[in-house]
Amino acid sequence: MMNIPFTGGCKCGAIRYECSAAPIVMENCHCRDCQQATGTAYAAVIFVPSNTIQILGDAKYYDSIGDNGGIVSRGFCPTCGSPTFIDPKSYQLRGVTASSLDDPNGFEPAMDIFTKSAQKWDYMNPELPKFHTAFPTA
């Protein structure tokens, strides 16, 4: 279970954040964009309302077109390169990477999304719901 508020940041400490809201959703995204951004099979992400997270430090952002056709901004530390944020521009949400949490044990994914892009060598928890593309209500 996620403690509220929750905190995190990049590896070198140049970026820190605190979120005052409970997560809207926690998910594992298997889209190619997340694979390339993380360097592995998926991105473990916690989405919260954009206005509930306070950030100290300056992340660098890279914009790309997500698998759903919308712009996705990915924030990372310009010093150590740690991925920290995922901001889908079509929603009022900010995603934080589970790897950037001070206590990553609070991350409990509710689903796997974009499984159409999942790698065959990636093991997915069979108990989690699977969505071929994005979560249906997103």
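The structure this text deals with has already been given above.
Residues numbered from 1 in each chain as written. Predicted model: local features only at pLDDT ≥ 70, side-chain atom pairs only at ≥ 80, totals over all residues. Heavy atoms only, no water.

Asker: Would you mind going over the pattern of salt bridges with me for this structure?
Answerer: Pairing between side chains of opposite charge can happen when the charged atoms of each approach one another. This model, assessed by the stated rule, comprises 4 salt bridges. Among the ionic pairs, Arg16 bridges to Asp102, the shortest N-O distance being 2.6 Å. Note that Arg16 is positioned in strand β2 (residues 16–19) and Asp102 in the loop between β9 (93–97) and β10 (111–113), a separation of 86 residues in sequence. Overall, Arg16 belongs to the partly exposed group, its relative accessible area being 31%. (Salt bridge = Lys/Arg side-chain N within 4 Å of Asp/Glu carboxyl O. Helix = DSSP H or I, 4+ residues; strand = E, 2+ residues; numbered from the N terminus. Buried < 20%, exposed > 50% of the residue type's maximum accessible area, 1.4 Å probe, protein only.)

Asker: Which parts of the structure should I look at to understand the sheet that holds strand β7 (residues 71–76)?
Answerer: Two modes of strand pairing occur in sheets, parallel and antiparallel, and in both the strands are linked by backbone hydrogen bonds. The strand order across the open sheet built from 7 strands is β6-β7-β8-β9-β4-β3-β10, with neighbouring strands paired in mixed fashion. Of all the strands in the sheet, just β6 (60–65) and β10 have a single pairing partner and so form its edges. Strand-to-strand twist across the sheet, computed as the mean angle between neighbouring axes with direction ignored, equals 30 degrees. Bridge analysis of β7 against strand β8 (residues 83–88) gives 5 bridges, and the strand direction is antiparallel. Residue Val72 lies in a different strand from β8, and its bridge partner there is Pro88. (Pairing = 2+ DSSP bridges. Axes fitted to C-alpha atoms, helices over the stretch in contact; angles between N-to-C directions.)

Asker: Quick question: what am I supposed to make of the sheet that holds strand β1 (residues 6–9) here?
Answerer: Pairing in this open sheet of 3 strands is antiparallel, and the strands run β1-β2-β5 from one edge to the other. The open sheet is flanked by β1 and β5 (53–56), the only strands paired with a single partner. The average angle at which neighbouring strand axes cross in this sheet is 15 degrees, direction not considered. Sheet topology places β2 next to β5; 4 bridges connect them, and they run antiparallel. What sits directly across from Glu18, in β5, is Gln54.

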